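# Summary of structural features
Each chain, letter by letter, is given below.
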Amino acid sequence: MYDKRIHKRTRVKLRVAFRAGGIAYEKGIVENLSRGGVFVRTQRPCEKGDYVIASMDSEELGKILWVQGRVTRLLPEEGMALSFTRTDHMGINALLSYRGVC
């Protein structure tokens with residue numbers, strides 16, 4: 001199967017809190033990360049097309065990484081894929097470099 005992704009992904013396990021619209025914050029786990037987006041494992045994913053604000057807890061960097069993204073894919077009872085629209089570029093790049101992703 002051909003992978004259309006532009007950015008290389010790496011497996012991670014980061015706690016994340018996110019929300020879309022006026023809903024309260026939900027929690028999940030970021031399972032993979034790239035410069036272009038993330039996959040969030042959660043029992044309560046947002047709707048496809050929703051814009052999401054999320055904070056990821058990067059223990060390796062000792063900081064919270066803030067991102068905004070759009071839900072591009074849903075996996076029922078598994079989670080959602082987010083494509084970034086705004087990020088903490090320096091933080092994301094530092095975390096990916098730490099994990100050996102160029």
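Shown above is the structure to which this text applies.
Described in the following lines is the structure provided in the data block. Because the structure is a prediction, the values reported are computed rather than measured. (Residues numbered from 1 in each chain as written. Predicted model: local features only at pLDDT ≥ 70, side-chain atom pairs only at ≥ 80, totals over all residues. Heavy atoms only, no water.)

Attention shifts here to the nonpolar core. In this structure, F18, V30, L33, V38, V40, M56 and I92 are the most contacted members of the largest nonpolar core, which totals 23 residues. Among the elements that make up this core, the one with the highest residue count is strand β1 (residues 10-20) (five residues). What I92 contacts, discounting residues up to four positions off in sequence, is L33, S34, R35, M56, L65, V67, F84 and T87. (Core = buried A, V, L, I, M, F, W, Y, C linked by side-chain atoms within 4.5 Å. Buried < 20%, exposed > 50% of the residue type's maximum accessible area, 1.4 Å probe, protein only. Helix = DSSP H or I, 4+ residues; strand = E, 2+ residues; numbered from the N terminus. Contact = heavy atoms within 4.5 Å.)

Let us now look at the sheet that holds β1. With antiparallel pairing, the six strands of this closed barrel are ordered in space as β1-β2-β3-β6-β5-β4. Neighbour to neighbour, the strand axes of the sheet diverge by 45° on average, direction disregarded. Pairing geometry for strand β3 (residues 37-41) and strand β6 (residues 79-87), over five bridges, is antiparallel. Paired with F39 across the strands is A81, a residue of β6. Contacts between helix α1 (residues 89-98) and the sheet are confined to β1, β2 (26-33), β4 (51-58), β5 (63-75) and β6, with β5 contributing the most and set at about 85° to the helix. (Pairing = 2+ DSSP bridges. Axes fitted to C-alpha atoms, helices over the stretch in contact; angles between N-to-C directions.)

Turning our eyes to something else, we now look at the pattern of salt bridges. Oppositely charged side chains are able to pair whenever their charged atoms sit close together. On inspection of all chains with the given rule, the structure shows six salt bridges. For the salt bridge of R15 with D57, the shortest nitrogen-to-oxygen distance reads 2.3 Å. With R15 in strand β1 and D57 in strand β4, the pair connects residues that are 42 residues apart, well separated along the chain. As a salt-bridge pair, R44 and E26 come within 3.6 Å of each other at their nearest N and O atoms. Of this pair, R44 sits in the loop between β3 and β4 while E26 sits in strand β2; the two residues are 18 residues apart in sequence, bridging distant segments of the chain. (Salt bridge = Lys/Arg side-chain N within 4 Å of Asp/Glu carboxyl O.)

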